[in-house]
Amino acid sequence: MDIEHRVQRLEDRAEIADLIARYGPIVDAGEGGQLAELWSDDGEYVIGDEYRFTGNQITGLTELEAHQNYLAAGCAHMLSSPQVMLDGDCAVAVNHSAVLIREGQRWVADRVSANRWELERKPEGWRVSRRSSALLDGEEAARELLAPDTRS
Amino acid sequence: MDIEHRVQRLEDRAEIADLIARYGPIVDAGEGGQLAELWSDDGEYVIGDEYRFTGNQITGLTELEAHQNYLAAGCAHMLSSPQVMLDGDCAVAVNHSAVLIREGQRWVADRVSANRWELERKPEGWRVSRRSSALLDGEEAARELLAPDTRS
Amino acid sequence: MDIEHRVQRLEDRAEIADLIARYGPIVDAGEGGQLAELWSDDGEYVIGDEYRFTGNQITGLTELEAHQNYLAAGCAHMLSSPQVMLDGDCAVAVNHSAVLIREGQRWVADRVSANRWELERKPEGWRVSRRSSALLDGEEAARELLAPDTRS
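Here is a short report on the structure shown in this document. (Residues numbered from 1 in each chain as written. Chains lettered and ligands numbered in written order. Predicted model: local features only at pLDDT ≥ 70, side-chain atom pairs only at ≥ 80, totals over all residues. Heavy atoms only, no water.)

### Some thoughts on the overall build of chain A
- The secondary structure content of chain A amounts to 4 helices and 7 strands.
- Helices and strands appear in chain A in the N-to-C order α-α-β-β-α-β-β-β-β-β-α.
- In terms of overall size, chain A behaves like a compact globule, its C-alpha atoms giving a radius of gyration of 16 Å where 152 residues would be expected to give roughly 15 Å.
- Per-residue burial over chain A gives 57% buried out of 152 residues.
- For chain A, long-range pairs separated by at least 24 residues make up 50% of all intrachain contacts whose partners lie at least 6 apart in sequence.
- Carbon and sulfur atoms form 44% of the exposed surface of chain A, whose accessible area is close to 6,200 Å². (Helix = DSSP H or I, 4+ residues; strand = E, 2+ residues; numbered from the N terminus. Rg over C-alpha atoms; globule rule 2.2 N^0.38 Å. Buried < 20%, exposed > 50% of the residue type's maximum accessible area, 1.4 Å probe, protein only. Contact = heavy atoms within 4.5 Å. Areas by Shrake-Rupley, 256 points an atom, 1.4 Å probe, with all protein chains shown as cover.)

### Some words on the nonpolar core
- Among the nonpolar cores identified, the biggest contains 53 residues, and Leu100(A), Leu100(B) and Leu100(C) are the most heavily contacted of them.
- Once residues lying within four places of it in the same chain are set aside, the contact partners of Leu100(C) are Ala98(A), Val112(A), Gly74(C), Cys75(C), Ala76(C), Met78(C), Trp107(C), Val108(C) and Ala109(C). (Core = buried A, V, L, I, M, F, W, Y, C linked by side-chain atoms within 4.5 Å.)

### Concerning the pattern of salt bridges
- Here the structure, examined in full by the defined rule, presents 36 salt bridges over all chains.
- Ionic pairing is found between Arg6(A) and Glu11(C), a salt bridge with its closest N-O pair at 2.8 Å. One end of the pair, Arg6(A), is in helix 1 (residues 3-29); the other, Glu11(C), is in helix 1 (residues 3-29), on a second chain.
- Across the pair Arg121(A) and Asp89(A) runs a salt bridge whose closest N-O atoms are separated by 2.6 Å. Placement of the pair is Arg121(A) in strand 6 (residues 106-122) and Asp89(A) in the loop between strand 4 (83-87) and strand 5 (90-103), with a sequence separation of 32 residues.
- Because the salt bridges share partners, they merge into one network encompassing Glu44(A), Arg52(A), Glu118(A) and Arg130(A). (Salt bridge = Lys/Arg side-chain N within 4 Å of Asp/Glu carboxyl O.)

### Some details on the interface of chain B and chain C
- In this assembly, 33 residues from chain B lie in contact with 31 residues from chain C.
- Between chain B and chain C, roughly 2,500 Å² of surface is buried when both sides are summed, and carbon and sulfur atoms account for 57% of that area.
- It is Met78(B), Arg106(B) and Trp107(B) in chain B that bury the most area against chain C; as a group they hold 25% of the surface buried on that side.
- On the surface where chain B and chain C come into contact, there are 5 salt bridges.
- Of the charged contacts in the structure, one is a salt bridge between Glu103(C) and Arg106(B), with a shortest N-O distance of 2.8 Å.
- At the surface where chain B touches chain C, the tally comes to 11 residue pairs in polar contact (both at pLDDT 80 or more).
- Mapped onto the side of chain B that touches chain C, the elements with two or more residues apiece are helix 1 (3-29), helix 3 (65-73), strand 3 (75-79), strand 5 (90-103) and strand 6 (106-122) of chain B.
- Sort the elements by how many residues they give to the side of chain B that touches chain C and helix 1 of chain B lands first, with 15 residues.
- Split by residue class, the side of chain B that touches chain C holds 17 nonpolar, 7 polar and 9 charged. (Buried area = accessible area lost by both parts, 1.4 Å probe. Polar contact = N/O pair within 3.5 Å; in protein donor to acceptor, adjacent residues only side chain to side chain. Nonpolar A, V, L, I, M, F, W, Y, C, P; charged D, E, K, R; others polar.)

### Quick word on the packing of helix 1 of chain A against helix 1 of chain B
- One can describe the packing of helix 1 of chain A onto helix 1 of chain B by two numbers: an axis separation of 11 Å at closest approach and a directional angle of 35 degrees. Between helix 1 of chain A and helix 1 of chain B lies a crossing whose hand is left-handed. For the pair formed by helix 1 of chain A and helix 1 of chain B, the contact residues are Ile3(A), Glu4(A), Val7(A), Gln8(A), Leu10(A), Glu11(A), Ala14(A) and Asp18(A) on the first element and Ile3(B), Arg6(B), Val7(B), Leu10(B) and Arg13(B) on the second.
- When grouped by side-chain class, the residues that make up the contact of helix 1 of chain A with helix 1 of chain B number 7 nonpolar, 1 polar and 5 charged. (Axes fitted to C-alpha atoms, helices over the stretch in contact; angles between N-to-C directions. Left-handed = near helix turned anticlockwise from the far one by under 90°.)

### Observations concerning the interface of chain B and chain A
- In this complex, chain B contributes 31 residues to the contact, which on the side of chain A involves 33 residues.
- Here chain B packs against chain A, burying approximately 2,500 Å² in sum over the two surfaces, 57% of which is carbon and sulfur.
- For the pair chain B and chain A, the number of links is 5 salt bridges.
- The tally of links from chain B across to chain A stands at 11 residue pairs in polar contact (both at pLDDT 80 or more).
- Within the side of chain B that touches chain A, the residues separate by chemical class into 17 nonpolar, 6 polar and 8 charged.

### Overview of the side chain of Asp28(C)
- Residue position: Asp28(C) is located in helix 1.
- Notably, Asp28(C) is buried but unbridged: the nearest opposite-charge side chain belongs to Arg143(A), and the N-O separation is 8.5 Å.
- Excluding its chain neighbours within four sequence positions, the residues that come into contact with Asp28(C) are His96(A), Arg143(A), Leu146(A), Leu71(C), Cys75(C), Ala76(C) and His77(C). (Lys, Arg positive; Asp, Glu negative; His and termini not counted.)

### A word on the relation of the copies chain B and chain A
- Once chain B has been moved 0.0 Å along the axis and rotated by 120 degrees, it coincides with chain A to within an RMSD of 0.0 Å. Both copies are brought into coincidence by an operation consistent with a three-fold rotation axis.
- A different interface surface on each copy is seen, since only 19% of the contact residues of chain B are contact residues in chain A too. (Least-squares fit on C-alpha atoms with pLDDT ≥ 70 in both.)

### Notes on the relation of the copies chain B and chain C
- Mapping chain B onto chain C is achieved by rotating through 120 degrees and translating by 0.0 Å along the same axis, at an RMSD of 0.0 Å.
- Interface residue correspondence from chain B to chain C reaches only 18%, placing this contact among heterologous pairings that use different surfaces.

### What to know about helix 1 of chain B
Residue and element names in this part refer to chain B.
- For helix 1, with 27 residues, the first-to-last C-alpha span of 39 Å sits near the 39 Å given by 1.5 Å per residue.
- In terms of residue burial, helix 1 counts as a mostly covered element, since 19 of its 27 residues are buried.
- Phi for Gly30, located one or two positions after helix 1, is positive at around 75 degrees. (Expected span 1.5 Å × (residues − 1).)

Pasting the structure below:
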């Protein structure tokens, strides 16, 4: 692989890691408008069997009553560093997320999830085409999201 | 952008990510001397309205009674992967941190904070010029630290 | 340092970060077979004074009764981004890990540990030669794993 291609792959990884690292700060700042910029126009965010958001609906995520309650209490959406598997103009990233909520003098983990991010390279940069997440509550769904498949 | 410049930017990101990744292990090892090396000589660490440390005072952070109590109980300062925004010889990074403290047979999240790291390139490498952090307790201060502004 | 060498170092860092990022998803998916691939053939995983696994025994980690109980309850092995110190064909990485277990409607941190990863470049890529971890319970062992030594 020539040096130009190798540098491109490193830049792809850095951009994808950065894109995913922006999710937590954006939702905890309550900036729904910024949130939709992480996804492609027709991208979707599927949360277990509970929710499916597409395109502009993603902007509204931070306006949900559940999220507003989180913000009022104090919340941190902490995501672990993703494993990133590149495949040309597509990529898959897998990581964990924990939603920590202020309760009394402490924070408690109210949601802990497995995440699989499907990404694609758009003219404007890498975007999320689909984020699938599921609670790590002992059910099979979350474990399937975490299971390794592709390799970069 | 030529390949040399692109590689330099990737190295900058890697060095900044590494600098921030060193914070938690250093404080949990109780190595205050190492801690000050992360900051520039006149760098500061501002924690909400509670504390402001500058320069050599940062070395003393691990000697504070509160921190010694953390170390005696068992503690983990876990930081999430930062979003890094480069701007030449300056950079801003944003992430979350959680301080987990041993209590009985479990660990509890005693502090969960938003962090904004302002960094600058010094002759000896990237250093923190200012770290601002605020508890994610529902107040506006932490949300402002997380709100996106610059883009790399 | 020439550009080829600089790109190689960045690739080494990315590959090592990815290797470590795969640990959590693999164990939380219960895929012990995949787990052993992270280690070299004679690699070992030493957990405080409790456990020492070598080579193929690592495959069996996810079959342990304690781990099966974790999977049944719902668990997340969340690891922080490692500091990575490269030294040619060897590397050391240091990070934190937290095992979050579903309990009632919440997740609790059942184990929080310091980790030191010793890695080596093999013909097939970077592999873990030894992972040492210790609970952050106030004892000296964990603090020693976190203390910085080498610099990259």
